[in-house]
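Descriptive structure summary
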Amino acid sequence: MRAILPLTIAVIAIAGGCTISNNADTANTESMKIDRYDLEVSAYPALDSASRADFLMAYADVNRLVLQLYAASHPGVSKEASDSMMSEYARSRGVSMFGCAIRERLGATDSIEAALGEAASRSRSMIPELKWPRLYGIISTYDQAIILSGDSIALIGMNHYLGPDDEAYEGFDNYRRRDKRLVALPAQLTESLLYSQWPYELPDKDATALSRMLYDGAVAWITMRITGTERPEEIIGWDEVQTKWAEANESNAWEALINRKMLYSTDEDYGMRLTQRAPATSMLHPDAPGRMGTWLGMRIIDAYMKSHPDTEPRQLLQKDFYGNLKTLVESGYNPLRRQD
């Protein structure tokens, strides 16, 4: 039985002087290619010496990053991308476990590459500063499906997209299994890029739960439009039951935030618990789905943008926007007085 190994290190972004160019800089691209390192590395031990040398040279930056991750969970292993280390990694348990599954379950990635290309194209008009890295498929036995190295490289754990019913995810909560589909990749990558390039900054005064909700809501709102997603819950990661609960209980959830003095609380734990991926947002209600605070943040952002249509999306990612209490007032959002 295949199983994703426990996460042992934090690898949201790996610093380093990567030299691979940004492949989104080429205008009018119709797709963004995912270089299938995951498929090629498994064949490494069978290559002749000349082909191995070519592989080490062609994937120099990726090899360095992959072996950093491998060495971090294998004490005593070298991080250097030598022939012997690449052979050891290529024969490792993770690569062996998932190599065949990826070939059997994923098939061609043309449609997803096209969707990624469309997202990159939309982003150039919405947020020209957003940098799209070169994409490499890898086998990631960590919790993260997407690992960023600066603005240059994105490592995509293809084994994280085998389908919600794959045995690799046996024992996972439903909220984690739901997005183990390749069609979820464009939104997940876009969110990751926005979080990385415009990280949450504490406002000048103490950050409130509201500021975190607005920030996460802005990232989700922008992601929805960059990816051409029609419904907010597809970005949040909810099913139909969770969506109906949120829509029916929007005013109750908002009232709970106010009455329990959470909305303007400077306790950082509140903001994190309201926006993190989890089975539920139990601090609001046992049945409130996870990321309920992000969804409410999206609702505020949507109301703000409807009343301030000239606002540029990148302004939503600035701390003087999400950290300003006036943002909520100027949005006009108040579900407690909604009649529809």
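Residues numbered from 1 in each chain as written. Predicted model: local features only at pLDDT ≥ 70, side-chain atom pairs only at ≥ 80, totals over all residues. Heavy atoms only, no water.

**What about the overall build of the chain?**
Filter applied, for reference: Each helix is a run of H or I in the DSSP string that is no shorter than four residues. Each strand is a run of E no shorter than two, and both are numbered from the N terminus. For every residue, the accessible area (1.4 Å probe, protein chains only) is compared with the maximum for its type, and the residue is labelled buried under 20%, exposed over 50%, or partly exposed between those bounds. The criterion used for residue contact is that any of the two residues' heavy atoms lie within 4.5 Å. Per-residue and other accessible areas were derived by the Shrake-Rupley procedure at a 1.4 Å probe size, with only the shown protein chains allowed to occlude residues.
Within the chain, the secondary structure is distributed over 16 helices and four strands. Relative to its 340 residues, the chain shows a buried fraction of 53%. Put simply, of all contacts in the chain between residues at least 6 apart along the chain, 69% involve residues at least 24 apart. Carbon together with sulfur atoms contributes 48% to the accessible area of the chain, which is approximately 16000 Å² in total.

**A look at the pattern of salt bridges**
Pairing is possible between side chains of opposite charge, provided their charged atoms come close. The following threshold applies: Think of a salt bridge as a Lys or Arg side-chain nitrogen and an Asp or Glu carboxyl oxygen that are within 4 Å of each other.
The tally for this structure, following the rule as stated, stands at 21 salt bridges. The residue Glu247 makes a salt bridge to Arg231 at a minimum N-O spacing of 3.9 Å. Taken together, the positions of Glu247 in helix α11 (residues 240-248) and Arg231 in the loop between α9 (209-226) and α10 (232-236) put the pair 16 residues apart, joining distant regions of the chain. We classify Glu247 as partly exposed; its relative accessible area is 45%. Since its relative accessible area comes to 41%, Arg231 is described here as partly exposed. Of the charged contacts, one joins Lys244 and Glu240 as a salt bridge, the two residues approaching to 3.2 Å between their closest N and O atoms. With Lys244 and Glu240 both in helix α11, this residue pair falls four residues apart, about one helical turn. Given the relative accessible area of 56%, Glu240 is considered exposed.

**Re the environment of Leu185**
By secondary structure assignment, the location of Leu185 is in helix α8 (residues 185-197). Owing to a relative accessible area of 0%, Leu185 belongs among the buried residues under this scheme. Sequence separation of Leu185 and Ala115 is 70 residues, and the distance between their C-alpha atoms is 9.3 Å. When sequence neighbours within four positions are dropped, the list of residues in contact with Leu185 reads Ile34, Ile112, Leu116, Ile146, Ile156 and Tyr161.

**A word on the environment of Ala209**
Here Ala209 shows up in helix α9. In this structure the C-alpha to C-alpha distance between Ala209 and Ser265, which are 56 residues apart in sequence, comes to 5.9 Å. The contacts of Ala209, once residues within four sequence positions are left out, are Met262, Leu263, Ser265, Tyr270, Gly271 and Leu274.

**A few points about the nonpolar core**
To keep it simple, the criterion reads: Nonpolar core, defined: a set of buried Ala, Val, Leu, Ile, Met, Phe, Trp, Tyr and Cys residues in which side-chain atoms within 4.5 Å join the residues together.
Within the largest apolar cluster, 102 residues are counted, with the highest numbers of intra-cluster contacts made by Tyr37, Leu155, Leu185 and Leu284. Here this core takes 12 residues from α9, the largest share from any one element. Ignoring sequence-local partners within four residues, the contact set of Leu155 consists of Val62, Leu65, Val66, Leu69, Tyr136, Ile138, Ala145, Ile146 and Ile147.

**Some details on the packing of α9 against helix α14 (residues 292-307)**
Rules: Axis lines are fitted through C-alpha atoms, for helices just across the contact stretch, and the angle between N-to-C directions can take any value from 0 to 180 degrees. Just so you know how the angles are binned, under 35 degrees is roughly parallel, over 145 roughly antiparallel, 65 to 115 roughly perpendicular, and the rest oblique. Amino acid classes used here: Ala, Val, Leu, Ile, Met, Phe, Trp, Tyr, Cys and Pro are nonpolar; Asp, Glu, Lys and Arg are charged; the rest, including Gly, are polar.
Their axes nearest at 7 Å, the elements α9 and α14 cross at an angle of 70 degrees. Here α9 is positioned roughly perpendicular relative to α14, judged by the angle of their axes. For the pair formed by α9 and α14, the contact residues are Leu210, Met213, Leu214, Asp216, Gly217, Ala218, Ala220, Trp221, Met224 and Arg225 on the first element and Gly293, Thr294, Leu296, Gly297, Met298, Ile300, Ile301, Asp302 and Met305 on the second. Its residues assigned to classes, the contact of α9 with α14 shows 12 nonpolar, four polar and three charged.

**A look at the side chain of Arg212**
Summarising the element assignment, Arg212 is placed in helix α9. Ignoring sequence-local partners within four residues, the contact set of Arg212 consists of Tyr200, Gly271, Met272 and Thr275.

**Remarks on the pairing of strand β2 (residues 134-138)**
Put simply, the test is: Should DSSP find at least two bridges between two strands, the strands are taken to pair.
Here β2 lies mainly inside the structure; four of its five residues are buried. Examined bridge by bridge, strand β1 (residues 34-35) and β2 share two bridges and lie parallel to one another. Note that in β2 the partner of Ile34 across the bridge is Leu135. Bridge analysis of β2 against strand β4 (residues 153-157) gives five bridges, and the strand direction is parallel. In the strand pairing of β4, Gly137 is matched with Ile156.

**A short note on the packing of aromatic side chains**
Worth spelling out the cut-off: Centres within 6.5 Å are what make two rings of Phe, Tyr or Trp a pair, Trp counting through its six-membered ring; a difference in plane orientation under 30 degrees is then read as stacked, over 60 as edge-to-face, and the rest as tilted. By the criterion adopted, a ring carries a charge over it if an Arg CZ or a Lys NZ lies within 6 Å of its centre and within 35 degrees of its normal.
Applying the stated criterion across every chain yields a total of 14 aromatic pairs. By the ring-pair criterion, three or more aromatic residues cluster together here, those being Tyr37, Tyr44, Phe55, Tyr59 and Tyr136. It is Arg176 that lies over the ring of Phe172; its NZ or CZ is 4.1 Å from the centre. When the ring centre of Tyr200 is taken as reference, the NZ or CZ atom of Arg212 above it lies at 4.5 Å.

**Some points on α11**
In plain terms, the rule: Note: the arc covers the axis-to-C-beta directions of the helix. For the purposes of these results, a polar contact is taken to be a pair of N or O atoms within 3.5 Å, where, inside protein, one atom must be able to donate a hydrogen and its partner to accept one; residues adjacent in sequence count only when each atom of the pair is a side-chain atom.
All of the buried residues in α11 are Gln242, Thr243, Trp245 and Ala246. Along α11, the residues classed as buried sweep out an arc of 160 degrees about the axis, all on the same side. Exposed and oriented more than 90 degrees from the buried face of α11 are Glu240, Val241, Lys244 and Ala248. In this structure, the buried side of α11 is in contact with α10, α12 (250-259) and α14. Of the residues that open α11, the one with a side-chain oxygen 3.2 Å from the backbone nitrogen of Val241 is Asp239.

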